[in-house]
Amino acid sequence: MKALSRRKVLTAGAAGGLLAAATTVARAADQVPQPSRGAGVGGTDPGPRNISRDQQNPEMLDPPSTDHGTLPNLRFSFSDSHVRQESGGWARQITERELGISKNIAGVNMRLNAGGVRELHWHKEAEWSYMLYGSARITAIDAQGRNFVDDVGVGDLWYFPGGIPHSIQGLGPDGCEFLLVFDSGGFDEDSTFLLSDWFKHTPKDVLAKNFGAPASLFGALPDPGALYIFKASVPAPLGPDKLQGVEPVPQSFSHRMLAQEPIRTKSGTVRITDSSNFEASKTIAAALVEVEPGGMRELHWHPNTDEWQYYIQGQGRMGVFASSGQARTFDFQAGDVGYVPYAMGHYVENTGNEPLRFLEVFKSSYYADLSLNQWLALTPPELLKAHLNLDPQITNALQKTKNPVRPLS
């Protein structure tokens, strides 16, 4: 090829590349969300701005016209939490420090590598957990010296009442990840009572008297800072004699939530676990909700306490209605935490292309919700008409039984 003709080809190719790049930039610009829901409302945001965050939170940047007032923030992501990294895994938490509205519940997301141990400890708050990945071995005793040991996997729960000493260890082949929920927003994962800490801060002569062993044998105690989440060997499989010679706790501290038969609707499922089917869980009730694309967790509210949410899979948006006409909408994706204050009306809609799965968690011994659809269906028609003047097609479609996950209209 002659130099001139080759130059023309390269120039043409470069021009084509520039045109393609310009087209890509133009398309990207078209997809950049703006704080405007239409002509004459809001406007563009020329920056500076964090476009990726705006794309994750379109309902906050460009809220529905029905949003009104000054409801507080009801969303926080574990992705924005500090990660404490240790030799056996990691942990991060969302407490009332991170999500100020959350006074009743705090959450911890924890990863234990294969063999990794969350050291023997206890705390004042009760601990409820949902297994997200892998498998773990949990141990505990109660005040009567009765023993508990179990292996748990994805979709399983455990509950340890406040003050009960326990441990968690990741099993093979790749350990585990789980969500911990505590019945106090002021809980702090760094303020638990650790076994190694107590030994380190007890005089050796006192340890000698307590355990009937020479004080010299307590000279090599480890630094508690090295044992919060530490490496250990993967334990052997549990055998049928795992509690041989020891009386077991009367109520199991674990429960197979995912194995429950769910409430099924056309657009999803709901599994409810509280003290009625998991007797040990006296202060935490929960529901595992799955919503198909286009579906929605119906308009409802809870008459007993606040709702703390954890999003496991998919994308969704939640609208929350308070008194005095206040309303606000939030976007959620996997790893986010949501919060609905006591008695506030709300819905959760699947806005993605895959199933939306999330946990509703409550500081309560029982689960309760009230359905807006059911309430209206059970209200005398004339009274309802006097309030809302609804078209008969709407009132005829009202349902007297709950349908917790509504289909796409």
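The present account deals with the structure reproduced in this document. The structure presented is a predicted model; accordingly, all values stated were derived computationally and were not measured.

Topic: the pairing of strand β9 (residues 166-170)
Of all the five residues making up β9, five are buried; the element is thus mostly covered by neighbouring parts of the structure. Of the two faces of β9, the one holding His-166, Ile-168 and Gly-170 and the one holding Ser-167 and Gln-169 are both buried throughout. Bridge count between strand β5 (residues 117-122) and β9: three bridges; the pairing is antiparallel. Directly across from His-121, in β9, lies its bridge partner His-166. As judged from the five bridges shared by strand β6 (residues 127-141) and β9, these two strands associate in the antiparallel manner. Considered in β9, the bridge of Ala-136 is made with Gly-170.

Section: the sheet that holds strand β23 (residues 356-363)
An order of β1-β21-β18-β23-β16-β15-β14 is seen for the seven strands of this open sheet, with the pairing classed as antiparallel. Bordering the open sheet on either side are β1 (75-77) and β14 (263-265), each of which pairs with just one other strand. Pairs of neighbouring strands in the sheet enclose a mean axial angle of 20°, with direction left out of account. Sheet analysis places β14 next to strand β15 (residues 268-273), joined by three bridges and oriented antiparallel. What sits directly across from Thr-265, in β15, is Gly-268.

Concerning the nonpolar core
Core analysis: the largest hydrophobic core is formed by 48 residues, its most contacted members being Met-110, Trp-128, Trp-158, Phe-178, Trp-308 and Val-361. Contacts of Trp-308, omitting those with residues within four sequence positions, involve Ser-102, Ile-105, Ala-106, Gly-107, Leu-179, Val-181, Val-337, Gly-338, Tyr-339, Leu-359, Glu-360 and Val-361. Of all hydrophobic cores here, the second largest spans 21 residues; its members include Val-289, Ala-322, Val-348 and Tyr-367.

Regarding the pairing of β6
Of the pairings in the sheet, the one linking β6 to strand β8 (residues 156-160) comprises four bridges and is antiparallel in character. Bridging from a neighbouring strand, Ser-129 pairs with Trp-158 of β8. Looking at chain direction, β6 and strand β10 (residues 176-182) are connected through seven bridges and run antiparallel. Paired with Gly-134 across the two strands is Cys-176, which belongs to β10. Where β6 lies against strand β7 (residues 147-153), seven bridges are found, and the strand directions are antiparallel. Paired with Thr-139 across the bridge in β7 is Val-149. Here β6 folds back onto β7 in antiparallel fashion, the turn holding five residues, of which Gly-145 has a positive phi close to 75°.

Some details on the layout of surface pockets
Taken as a whole, the largest pocket spans an internal volume of roughly 410 Å³. Lining the largest pocket are 22 residues; nearest its centre among them are Leu-299, Val-320, Phe-321, Gly-345 and His-346. Mapped onto the lining of the largest pocket, the elements with two or more residues apiece are β17 (296-301), β19 (315-321), β20 (327-333), β22 (345-350) and α6 (372-377).

What counts as what
Residues numbered from 1 in each chain as written. Predicted model: local features only at pLDDT ≥ 70, side-chain atom pairs only at ≥ 80, totals over all residues. Heavy atoms only, no water. Buried < 20%, exposed > 50% of the residue type's maximum accessible area, 1.4 Å probe, protein only. Helix = DSSP H or I, 4+ residues; strand = E, 2+ residues; numbered from the N terminus. Pairing = 2+ DSSP bridges. Axes fitted to C-alpha atoms, helices over the stretch in contact; angles between N-to-C directions. Core = buried A, V, L, I, M, F, W, Y, C linked by side-chain atoms within 4.5 Å. Contact = heavy atoms within 4.5 Å. 1 Å grid on protein atoms, 1.4 Å probe; cavity = no way out; pocket = protein on both sides within 12 Å on 5 of 7 lines; lining within 4 Å. Points joined across faces, edges and corners; volume = space filled by probe spheres on them.

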